[in-house]
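The lines below spell out each chain.
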Amino acid sequence: KPEDVCIPMEEIYGALGLESMSQLIAYRDMPLDKIPVLLDNKIPVVLIAGLADRVVPYHENGQYLQRAYEASKIDFECYLKPECDHHPHGISSNEPVIKFILTH
């Protein structure tokens, strides 16, 4: 649940070099803002996401990447882990990811 994760706003501002909520709202250097760059450059992507992730929720992040790639003709593989939070990273076998990387 989002309410279970509480990151102080000062930490967010500091990490992004911002000073206020207004600047955060206007900030356009988030990973989601980079999706068009990935697509324009035809960068293949492998996404591994925990559907119970409270740090980087799939429904706020990964699903947008997945939708954008599925609407394109660019190679994309997605591995969703239904009950997984942010950790552990990875999937049970690295072989599909290795194969994807070596192919591209």
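The structure this text deals with has already been given above.
Here is a short report on the structure shown in this document.

Scoring rules and cut-offs
- Residues numbered from 1 in each chain as written.
- Predicted model: local features only at pLDDT ≥ 70, side-chain atom pairs only at ≥ 80, totals over all residues.
- Heavy atoms only, no water.
- Core = buried A, V, L, I, M, F, W, Y, C linked by side-chain atoms within 4.5 Å.
- Buried < 20%, exposed > 50% of the residue type's maximum accessible area, 1.4 Å probe, protein only.
- Contact = heavy atoms within 4.5 Å.
- Helix = DSSP H or I, 4+ residues; strand = E, 2+ residues; numbered from the N terminus.
- Lys, Arg positive; Asp, Glu negative; His and termini not counted.
- Salt bridge = Lys/Arg side-chain N within 4 Å of Asp/Glu carboxyl O.
- Polar contact = N/O pair within 3.5 Å; in protein donor to acceptor, adjacent residues only side chain to side chain.

Our focus in this paragraph is the nonpolar core. One finds Ile35, Val45, Leu47, Ala49, Tyr58, Leu65, Ala68, Tyr69, Ile74 and Phe76 forming the largest nonpolar core, which totals 10 residues. Ignoring anything within four residues of it in the chain, the contact list for Tyr58 reads Leu47, Ala49, Gly50, Leu51, Gln63, Gln66 and Leu80.

Time to look at the environment of Asp40. Here Asp40 shows up in helix α3 (residues 35-40). As for Asp40 and Ile74, which are separated by 34 residues in sequence, their C-alpha atoms are 9.9 Å apart.

Mapped onto the elements, Asp53 comes out in the loop between β1 (45-50) and α4 (62-70). Buried within the structure, Asp53 lacks any salt-bridge partner; Arg54 is the closest side chain of opposite charge, at an N-O distance of 6.9 Å. In terms of polar contacts, Asp53 uses its side chain to reach the backbone amide nitrogen of Val55, at 2.7 Å. At a separation of 2.8 Å, a polar atom in the side chain of Asp53 contacts the side chain of His86. When sequence neighbours within four positions are dropped, the list of residues in contact with Asp53 reads Cys84, Asp85 and His86.

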